[in-house]
Amino acid sequence: MVKALGVVVAIVGIVLCKWVYGFEFEENGSWVHGLDDLNVTELSFSDSYGVSAATSPMMVGLTLIQGAAAKGAVCLDGTLPGYHLHRGYGSGANSWLIQLEGGGWCNSIRTCVYRKKTRRGSSIYMEKQIPFTGILSNNPEENPDFFNWNRVKLRYCDGASFIGDSQNQAAQLQFRGQRIWSAAIEDLMSKGMRYANQALLSGCSAGGLAAILHCDEFRGFFPRNIKVKCLSDAGLFLDSIDIAGGRTLRNLFSGVVNMQGVRKNLPSFCLNHLDPTSCFFPQNVISNIKTPLFLLNAAYDSWQVQASLAPASADPHGYWNECKKNHAQCSPPQIQFLQGFRNQMLNAIKGFSMSKQNGLFINSCFAHCQTERQDTWFADNSPVIKNKGIALAVGDWYFDRCGVKSIDCPYPCDQTCHNLVFR
């Protein structure tokens, strides 16, 4: 059992197939309800931001992009997309951080029709205010390098990592992620981002994948003399073989790419030699991104363990149930399989890590998304690699204070992890 830190978190479901209740998870000793199978994509909304009950994070209101509909930039159900913006001040008045929200994908008409009745597919259901914590915090004691920047969280309501462009009229579905992205950038430019003297595009989970795929495009919105970099948190989704020898995540991504018209917006340098689904996997893209990019990922990414490596479809007898709920319950062969996943991750970033401009923080934790959670981003007990935490590592890399290529020793050596335990 991990050490109790008094942190209470919650999961709100991200729909990839259907809602499945039936287990809970523990973050440093606090049990809460969770979602099973392919729905475990992120720790989301108020109780999951890794702040103590005594802390009152700043709440930031939702802004709908009023001109978006005329551009066809709409959520799955045709409603307006939106974002949350908190203005910068002082030395950060002309610095901009754009955080792309995560929340899985929908890969079929059925799953997208369900999704459009949730906050992941319609602004009707989006929270009108959300807390800004971690990398979005306005408190210098919680976010030392970016607290006074203009900080934006772009809401995710398309189901294809902000990169699809298609529709299904019969099902009344709009797959307009790319247009939402473009409309949001245009709107933010009109609100002062055109005067930015530095910018950072970041994202978590499906938003972390989007930050990779949109990184060079984001760079192109600014003059060459402006510092622009990108950060992907838990976006390094691997084209892995599951425990049954299948390709669960590849099958999911194939549905997303083919149904949502993703191909036209994928990098041409990848499509020149690989199929579109392969080019949706970041491992086939990251080495050719021209803009400085930082990869933050747990080596035993909780979402990928749950949904890609050992989903119920690959484990009909439930042999992995206890292991994927709590890593301490894994058998030696199961740990060996997970070490193989870590090795695949390290192999996938070899070429990427050769570039001096890129950054890495791969910690040997069972976690998923660590920038927006206050307890993992910057706190007294945050995860570290060689005594350096995530916020300091990202800041050192962004501001060129020093190079950051931090790769943890394999499990179970890291005692600073905030591991997720499910039940």
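Residues numbered from 1 in each chain as written. Predicted model: local features only at pLDDT ≥ 70, side-chain atom pairs only at ≥ 80, totals over all residues. Heavy atoms only, no water.

Caption draft 1: Up close: the nonpolar core. If you look at the biggest cluster of nonpolar residues, it comprises 83 residues, and the most contacted ones within it are Trp105 and Phe280. Apart from the residues lying within four places of it in its own chain, the contact partners of phenylalanine 280 are Trp105, Ala160, Ser161, Ile163, Leu209, Leu213, Phe253, Val256, Val257, Val262 and Leu266. (Core = buried A, V, L, I, M, F, W, Y, C linked by side-chain atoms within 4.5 Å. Buried < 20%, exposed > 50% of the residue type's maximum accessible area, 1.4 Å probe, protein only. Contact = heavy atoms within 4.5 Å.)

Caption draft 2: Broad picture of the packing of aromatic side chains. Overall, the coordinates contain 24 aromatic pairs when judged by the stated rule. When the centroid spacing of 5.4 Å and the interplanar angle of 90° are considered together, the rings of phenylalanine 237 and tryptophan 303 count as edge-to-face. Of this pair, phenylalanine 237 sits in the loop between β11 (227-233) and α5 (248-259) while tryptophan 303 is found in helix α8 (residues 302-309), placing the two residues 66 residues apart along the sequence. Of the aromatic side chains, those joined through ring pairs into one cluster are Trp105, Phe237, Phe253, Phe280, Phe281 and Trp303. (Phe/Tyr/Trp six-rings, centres within 6.5 Å; stacked < 30°, edge-to-face > 60°. Helix = DSSP H or I, 4+ residues; strand = E, 2+ residues; numbered from the N terminus.)

Caption draft 3: Representation of unusual backbone geometry. Of the consecutive residues tyrosine 411 and proline 412, the connecting peptide bond is found in the cis state with omega at 15°. As for its position among the elements, proline 412 is in the loop between β16 (405-407) and β17 (420-422). Its identity as a non-glycine residue notwithstanding, lysine 386 has a phi of 50°, on the positive side. For lysine 386, the position within the fold is in the loop between β14 (384-385) and β15 (388-389). Residue lysine 386 is classed as exposed on the basis of its relative accessible area of 80%.

Caption draft 4: Inspection of the side chain of aspartate 408 at higher detail. The residue aspartate 408 is located in the loop between β16 and β17 in this model. For the buried aspartate 408, which has no salt bridge, the nearest side chain bearing the opposite charge is arginine 342, at an N-O separation of 7.0 Å. Not counting chain neighbours up to four residues away, the residues in contact with aspartate 408 comprise Arg342, Ile362, Asn363, Ser364, Ile385, Cys413 and Asp414. (Lys, Arg positive; Asp, Glu negative; His and termini not counted. Salt bridge = Lys/Arg side-chain N within 4 Å of Asp/Glu carboxyl O.)

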